[in-house]
Amino acid sequence: VKEVHRASGGAWGGSYVDQNIKKLVQRILGNKVSRKLTDDDWLRFIRQSIEEAKQSIVDDTDRVFFDVPSEMHIVISECGSSLEEAAKSVSGVKARRGRLSLDVKL
């Protein structure tokens with residue numbers, strides 16, 4: 001597929017949302033973990049987890065859930081942490097069973 005025209009959406013577009021969620025997850029995981037994750041790790045997270053989460057949002061949604069890929073869990077544990085510990089660092093964020101749960105007001 002060839003792009004004929006560049007997307008002209010504003011700060012409400014899907015890519016903008018993806019990048020802001022990525023920044024939030026980087027803040028949750030911390031610099032050490034974020035730097036060790038590869039571009040492929042982030043791309044997989046965006047394509048699978050973030051896209052799924054965006055599609056599950058309805059008007060009365062108060063929390064959004066993201067599955068965290070196993071590759072990210074491996075990097076987190078190699079850095080001496082866990083998803084649950086990392087989630088405690090940001091208000092409105094919880095982690096359980098390999099998933100992040102975010103308050104939609106974040």
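Residues numbered from 1 in each chain as written. Predicted model: local features only at pLDDT ≥ 70, side-chain atom pairs only at ≥ 80, totals over all residues. Heavy atoms only, no water.

Re the sheet that holds strand S1 (residues 63-67)
Our working rule: Pairing between two strands requires that DSSP report at least two bridges joining them. Helical segments are the DSSP runs of H or I of at least four residues, strand segments are the runs of E of at least two, and each set is numbered from the N terminus. Here an angle of 0 to 180 degrees is reported between the N-to-C directions of two axes, which are lines fitted to C-alpha atoms, with helices fitted over the stretch in contact. We call two residues in contact when some of their heavy atoms are within 4.5 Å.
One open sheet holds the 3 strands; their spatial order is S1-S3-S2, and the pairing between them is antiparallel. With one partner strand each, in any of the chains shown, S1 and strand S2 (93-96) form the two edges of the open sheet. Geometrically, the sheet is characterised by an average inter-axis angle of 20 degrees between neighbouring strands, direction not taken into account. Alignment of S1 against strand S3 (residues 99-103), held across 5 bridges, turns out to be antiparallel. Its bridge partner being in S3, Arg63 is matched across the sheet by Asp103. Sheet strands in contact with helix H1 (residues 14-29) are S1, S2 and S3, and its direction is about 110 degrees off that of S3.

Brief notes about the packing of H1 against helix H3 (residues 39-56)
Convention followed: Roughly parallel means an angle under 35 degrees; roughly antiparallel means over 145; roughly perpendicular covers 65 to 115; every other angle is labelled oblique. By definition, turning the near helix anticlockwise from the far helix through less than a right angle yields a left-handed crossing, and turning it clockwise yields a right-handed one. Any residue outside Ala, Val, Leu, Ile, Met, Phe, Trp, Tyr, Cys, Pro, Asp, Glu, Lys and Arg is labelled polar, Gly included; the first ten of those are nonpolar and the last four are charged.
Two numbers describe how H1 lies on H3: the axes approach to 10 Å, and their chain directions differ by 110 degrees. In terms of orientation, H1 and H3 fall into the roughly perpendicular class. Here the hand of the crossing between H1 and H3 comes out right-handed. Judged by residue contacts, Gly14, Val17, Asp18, Gln19, Ile21, Lys22, Val25, Gln26 and Leu29 of H1 engage Trp42, Phe45, Ile46, Ile50, Glu51 and Lys54 from H3. Per-class residue counts for the contact of H1 with H3 are 8 nonpolar, 3 polar and 4 charged.

Thoughts on the confidence of the model for the protein chain
Detail in the predicted coordinates should be disregarded across regions flagged by low pLDDT. Applied cut-off: As a per-residue quantity, pLDDT reports the predictor's confidence and falls between 0 and 100.
Mean pLDDT over the protein chain works out to 84, with 88% of the residues at or above the 70 mark. Mean pLDDT values for the elements of the protein chain range from 82 in H3 up to 93 in helix H5 (residues 83-87).

Examining the pattern of salt bridges
Quick note on the threshold: Think of a salt bridge as a Lys or Arg side-chain nitrogen and an Asp or Glu carboxyl oxygen that are within 4 Å of each other. To sort residues, take the accessible area from a 1.4 Å probe on protein chains only and compare it with the maximum for the residue type: under 20% means buried, over 50% means exposed, and anything in between is partly exposed.
This model, assessed by the stated rule, comprises 5 salt bridges. When the shortest N-O distance is used, the salt bridge between Glu71 and Arg44 registers 3.7 Å. One end of the pair, Glu71, is in helix H4 (residues 70-78); the other, Arg44, is in helix H3, and 27 residues separate them in sequence. Overall, Arg44 belongs to the partly exposed group, its relative accessible area being 28%. The residue Arg99 makes a salt bridge to Asp67 at a minimum N-O spacing of 2.8 Å. Of this pair, Arg99 sits in strand S3 while Asp67 sits in strand S1, placing them 32 residues apart in sequence. On the accessibility criterion, Arg99 (35% relative accessible area) is partly exposed.

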